[in-house]
Amino acid sequence: RAGQNRLALGSFGREWNSRIDLSASLSNGNSETEAYNSYIESILKRDRAEHGITIIVSQEEAQGVTTKNQLNVGYGYKRYLSERWFAPANADYFEDELKDIDQRITLGGGLGHQFWGNSFGSFSTEVGVSAVIEELAGDDVTNPAFRWGLDYRRLLAANRVEVFHNQSILVIPDSDRGEVLTSSTGFRFALTDRIDTTARVDLNHETDPPADAAQTDVTYSLGVGIKF
């Protein structure tokens, strides 16, 4: 029994992959700026199910004034119905007080299709419906929404280069809200089996944002990643 338990624990570990990407920039002289960005991802694959957690934290300060302070936490679950089809469930939390988005909670489910998935990467998409619970400038608003998600990863150059793109689009039928697009695109270059360099672009776009807020917010990151 002890031997079987060790084998089971080893299998569990092989299916659990996590990474942390960190980037920072500091400058002084005529102007002083500080920027920090963290990306945390953990994926657990077990039999016909998959769990994924993503955390993105972006902070910027210029001349002692905070110019960006965003937090995005996402959880995704996939239950495979067949080799290609799966039933997804997702929960997301987003806040950006500088844009008067005190919080946005998205809960939903639907149907997904994996076009391919192997040692060279994966490509899947999903559609569904969600409940969007928002606190905007102190006002509580709840709306239904149609959601479309996409996840693409590809390994190149003998698995030393990874290209990735994931995105989520919320279509909120309320005329005061419109559509919300979030995405993360970039590539990683492996320095060792555990460490790589990362270049990433994070996008947050709202067709009808809260008053006096910009529609599009883009964050560029260049840093170091650690896999475990």
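Residues numbered from 1 in each chain as written. Predicted model: local features only at pLDDT ≥ 70, side-chain atom pairs only at ≥ 80, totals over all residues. Heavy atoms only, no water.

### Side note on the overall build of the protein
Argument step 1. A count of helices and strands for the protein gives 1 helix and 12 strands.
Argument step 2. Along the protein, helices (α) and strands (β) appear in the sequence α-β-β-β-β-β-β-β-β-β-β-β-β when read from the amino end.
Argument step 3. Taking 228 residues into account, the globule formula puts the C-alpha radius of gyration at 17 Å, and the protein, at 19 Å, falls close to it.
Argument step 4. For the protein, the spread of C-alpha atoms along the principal axes amounts to about 60 × 45 × 35 Å.
Argument step 5. Residue burial in the protein is summarised as follows: out of 228 residues, 34% are buried.
Argument step 6. Excluding contacts between residues fewer than 6 apart, the proportion of contacts in the protein whose partners are at least 24 apart in sequence is 48%.
Argument step 7. Surface accessibility of the protein: about 13000 Å² in total, with carbon and sulfur atoms responsible for 57%.
Argument step 8. In the protein, 22 positive and 33 negative side-chain charges are present, and the distance between their average locations comes to 17 Å. (Helix = DSSP H or I, 4+ residues; strand = E, 2+ residues; numbered from the N terminus. Rg over C-alpha atoms; globule rule 2.2 N^0.38 Å. Buried < 20%, exposed > 50% of the residue type's maximum accessible area, 1.4 Å probe, protein only. Contact = heavy atoms within 4.5 Å. Areas by Shrake-Rupley, 256 points an atom, 1.4 Å probe, with all protein chains shown as cover. Lys, Arg positive; Asp, Glu negative; His and termini not counted. Charge placed at Lys NZ, Arg CZ, Asp CG, Glu CD.)

### Regarding the pattern of salt bridges
Argument step 1. Taken as a whole and judged by the stated rule, the model has 15 salt bridges.
Argument step 2. Of the charged contacts in the structure, one is a salt bridge between glutamate 162 and arginine 188, with a shortest N-O distance of 3.3 Å. Note that glutamate 162 is positioned in strand S9 (residues 161-172) and arginine 188 in strand S10 (residues 178-190), a separation of 26 residues in sequence.
Argument step 3. Glutamate 162 sits in the buried class, given a relative accessible area of 15%.
Argument step 4. According to the relative accessible area criterion, arginine 188 is buried, its value standing at 2%.
Argument step 5. Here the salt bridges share partners, and the residues they tie into one network are Arg19, Asp21, Glu41, Asp151, Arg153, Glu162, Arg188 and Asp196. (Salt bridge = Lys/Arg side-chain N within 4 Å of Asp/Glu carboxyl O.)

### A word on the packing of aromatic side chains
Argument step 1. Inspection of every chain in the model, using the stated rule, returns 4 aromatic pairs.
Argument step 2. Arranged with centres 5.4 Å apart and planes meeting at 55°, the rings of tyrosine 80 and phenylalanine 86 form a pair that is tilted. Assigned by exposure class, tyrosine 80 and phenylalanine 86 land together as buried.
Argument step 3. Each ring, one from tryptophan 116 and one from tyrosine 152, has its centre 6.1 Å from the other, and the planes form 90°; the classification is edge-to-face. (Phe/Tyr/Trp six-rings, centres within 6.5 Å; stacked < 30°, edge-to-face > 60°.)

### Comments concerning a nonpolar patch on the surface
Argument step 1. A surface patch of nonpolar side chains, amounting to about 750 Å² of accessible area, comprises Leu156, Val163, Phe187, Phe189, Leu191, Ile195, Val224, Ile226 and Phe228.
Argument step 2. Within the residue set of the nonpolar patch, elements represented by two or more residues are S10 and strand S12 (216-227).
Argument step 3. A residue is classified by how much of its surface remains accessible, and phenylalanine 189, at 33% relative accessible area, is partly exposed. (Patch = residues over 30% accessible without salt bridge, like charges linked within 9 Å, V, L, I, M, F, W, Y side chains within 5 Å.)

### A closer look at the side chain of arginine 200
Argument step 1. When you line up the elements, arginine 200 lands in strand S11 (residues 195-206).
Argument step 2. At 2.9 Å, the side chain of arginine 200 forms a polar contact with the side chain of aspartate 202.
Argument step 3. Apart from residues no more than four positions distant in its own chain, arginine 200 is found in contact with Asp21, Asn37, Tyr39, Ile56, Phe164, Ser184, Thr185, Gly186, Thr219, Tyr220 and Ser221. (Polar contact = N/O pair within 3.5 Å; in protein donor to acceptor, adjacent residues only side chain to side chain.)

### Brief notes about the nonpolar core
Argument step 1. In this structure, Val132, Ala145, Leu170, Ile172 and Val180 together form the largest nonpolar core, which totals 5 residues.
Argument step 2. Contacts of alanine 145, omitting those with residues within four sequence positions, involve Gly128, Val129, Ser130, Val132, Leu170, Val171, Ile172 and Pro173. (Core = buried A, V, L, I, M, F, W, Y, C linked by side-chain atoms within 4.5 Å.)

### A word on the pairing of strand S2 (residues 33-46)
Argument step 1. Pairing analysis gives 12 bridges linking strand S1 (residues 16-27) to S2, with the strands arranged antiparallel. Paired with arginine 19 across the bridge in S2 is glutamate 41.
Argument step 2. With 14 bridges connecting them, S2 and strand S3 (residues 49-62) associate as antiparallel partners. Its bridge partner being in S3, isoleucine 43 is matched across the sheet by glycine 52. (Pairing = 2+ DSSP bridges.)

### Some words on the confidence of the model for the protein
Argument step 1. Scored by pLDDT, the protein has a mean of 88; 93% of the residues are at 70 or more.
Argument step 2. Taking the mean pLDDT of every element in the protein, the minimum, 41, falls on helix H1 (residues 2-14) and the maximum, 96, on strand S5 (residues 85-96). (pLDDT = per-residue confidence, 0-100.)

### What about the sheet that holds S9?
Argument step 1. If you trace the 12 strands once around the closed barrel, you get S1-S2-S3-S4-S5-S6-S7-S8-S9-S10-S11-S12, paired in antiparallel fashion. In this sheet, neighbouring strand axes are inclined to one another by 20° on average, regardless of whether the strands run parallel or antiparallel.
Argument step 2. Pairing analysis gives 11 bridges linking S11 to S12, with the strands arranged antiparallel. When the sheet's bridge partners are listed, aspartate 202 is paired in S12 with threonine 219. (Axes fitted to C-alpha atoms, helices over the stretch in contact; angles between N-to-C directions.)

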